[in-house]
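Chains, contacts and geometry: an overview
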2 protein chains.
Amino acid sequence: MLELAVLGLLKEHDLHGYELRKRLGDLLGTGAAVSFGSLYPALSKLEAAGAIRVVTPPGNAGGHSATMAGRVPGRKRKVYGITTAGSALFQQLLTERRSAPLDERSFSLRLAFASYLSPELRLGLLERRRTLLAERLAELAATTGKPRGNRYVQLLAERERDSLSRDLSWLDRLITDERAMGRLAVHN
Amino acid sequence: MLELAVLGLLKEHDLHGYELRKRLGDLLGTGAAVSFGSLYPALSKLEAAGAIRVVTPPGNAGGHSATMAGRVPGRKRKVYGITTAGSALFQQLLTERRSAPLDERSFSLRLAFASYLSPELRLGLLERRRTLLAERLAELAATTGKPRGNRYVQLLAERERDSLSRDLSWLDRLITDERAMGRLAVHN
DNA sequence: GTCATCATGTAAGCCGTTACATGATTGC
DNA sequence: GCAATCATGTAACGGCTTACATGATGAC
């Protein structure tokens, strides 16, 4: 999870840990920032595995001149870049349907990087998620027959039903779009 | 989390582990069933703490005559019941605003047991959740200004925005209802 | 008699967290 | 000079999962 996210972000820019954390924050939905206690060890591990490497020397690699104006620290920050092996690992982690349970987090993360997937795999991702949600909705509908315990449990069940329906529609729209783009590509 | 859920379910019925797992499944949203590998140790721990106890002797305590018709196993199943100490622990865990981060799971679980809360605490729970979501939405809106990376990240951000707005409305409705019920109670 | 399901449990491990420790840089 | 923020890291622990091991019961 974390590794996939890190590799994905490093594919766009070279970044140091502290900055990576921020990006992870708004990539995985606001408020879901990972802690340094998991980020730094993960970076060490990826570096040891040869998936990323320190590219500190080149100076202010990921610089955003707006806020960090004249900043040329060069020494304490460890700016990481992705290696060829890292790109391969990224593809593997992204594709890997072994981690298919496709919970919300996992799905969102993969979709965020969907541009790195082939149209087929991308469509597959959306369809598997669709199937999962459809199953849940069916289960929920089955359970809804018998009146559940208290008022609040019922409210929660209703809310989940609505939420699932909406997500299904959303996915259907995305799937339609993907198919349309596929056809366009073929016709060009 | 798990302990709170177990205690809450045992407040309604005496249950054995296997059955508890099923109930947990549709309490925490379908598909989110906990594993036995975490459930049984949790039960042992709660028993050791005196929060629950085995009430096996009375026989088929939580029985559902429909499917389990003439079943009188009596021996291998360990049916648990909640103790007075357990009820106290339940209240403590449920109230405890220390675990306030109020993520989706935590909030849903607490709301499911909201009937065990005083009207004030119940309202507090809803309002804290509301505040959290409102903050996230504000953050998201701030970030949405600058055009984000790729198409899919944008789609995800849009979806989250919609989802947050809907949840906010839902919470607002619940909050209004709670207040209305509070006034009614006062007037009666 | 054998297979699916019910039922309980242990061991190892994953993936993250909080809390702690350290120190450089910048703004005032 | 001092506080806030930037920046990196370690240690301990939490809560859950998977995989493994065992065995009873009921259906066919």
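Just so it is clear, the structure is predicted and the values come from calculations on it, not from any experiment.

1. Let's talk about the overall build of chain A
Of regular secondary structure, chain A possesses seven helices and three strands. Reading the helices (α) and strands (β) of chain A from amino to carboxyl end gives α-β-α-α-β-β-α-α-α-α. In chain A, buried positions account for 40% of the 188 residues. Excluding contacts between residues fewer than 6 apart, the proportion of contacts in chain A whose partners are at least 24 apart in sequence is 68%. If you sum the accessible surface of chain A, you get close to 10,100 Å²; carbon and sulfur atoms cover 56% of it.

2. Some remarks on the environment of D172 of chain B
Residue and element names in this part refer to chain B. Residue placement: D172 occurs in helix α7 (residues 151-187). D172 gets classed as partly exposed once you look at its relative accessible area, which sits at 31%. In this structure, the C-alpha to C-alpha distance between D172 and R130, residues 42 residues apart in sequence, is 7.8 Å. A polar contact is formed between the side chain of D172 and the side chain of R130, at a distance of 2.5 Å.

3. What about the packing of aromatic side chains?
We describe a pair of aromatic rings using the distance from one ring centre to the other and the angle between the two ring planes. With the rule as written, the count across this model stands at 10 aromatic pairs over all chains. When the centroid spacing of 5.5 Å and the interplanar angle of 15° are considered together, the rings of Y18 of chain A and F36 of chain A count as stacked. Of the two residues, Y18 of chain A sits in helix α2 (residues 17-27) while F36 of chain A sits in helix α3 (residues 36-48), which places them 18 residues apart along the sequence. Taking the relative accessible area as the measure of exposure, F36 of chain A reaches 28% and is therefore partly exposed. Ring centres 6.4 Å apart and planes at 45° place the aromatic pair F113 of chain A and Y116 of chain A in the tilted group. Taking the relative accessible area as the measure of exposure, F113 of chain A reaches 1% and is therefore buried. Taking relative accessible area as the criterion, Y116 of chain A reaches 26% and is therefore assigned partly exposed. Every member of this aromatic cluster is reached through a ring pair, and the members are Y18, F36 and Y40 of chain A. Positioned over the ring face of W170 of chain B is R159 of chain A, at 5.4 Å from the centre of the ring. When the ring centre of Y152 of chain B is taken as reference, the NZ or CZ atom of R151 of chain B above it lies at 5.5 Å.

Conventions we followed
Residues numbered from 1 in each chain as written. Chains lettered and ligands numbered in written order. Predicted model: local features only at pLDDT ≥ 70, side-chain atom pairs only at ≥ 80, totals over all residues. Heavy atoms only, no water. Helix = DSSP H or I, 4+ residues; strand = E, 2+ residues; numbered from the N terminus. Buried < 20%, exposed > 50% of the residue type's maximum accessible area, 1.4 Å probe, protein only. Contact = heavy atoms within 4.5 Å. Areas by Shrake-Rupley, 256 points an atom, 1.4 Å probe, with all protein chains shown as cover. Polar contact = N/O pair within 3.5 Å; in protein donor to acceptor, adjacent residues only side chain to side chain. Phe/Tyr/Trp six-rings, centres within 6.5 Å; stacked < 30°, edge-to-face > 60°. Lys NZ or Arg CZ within 6 Å of the ring centre and 35° of its normal.

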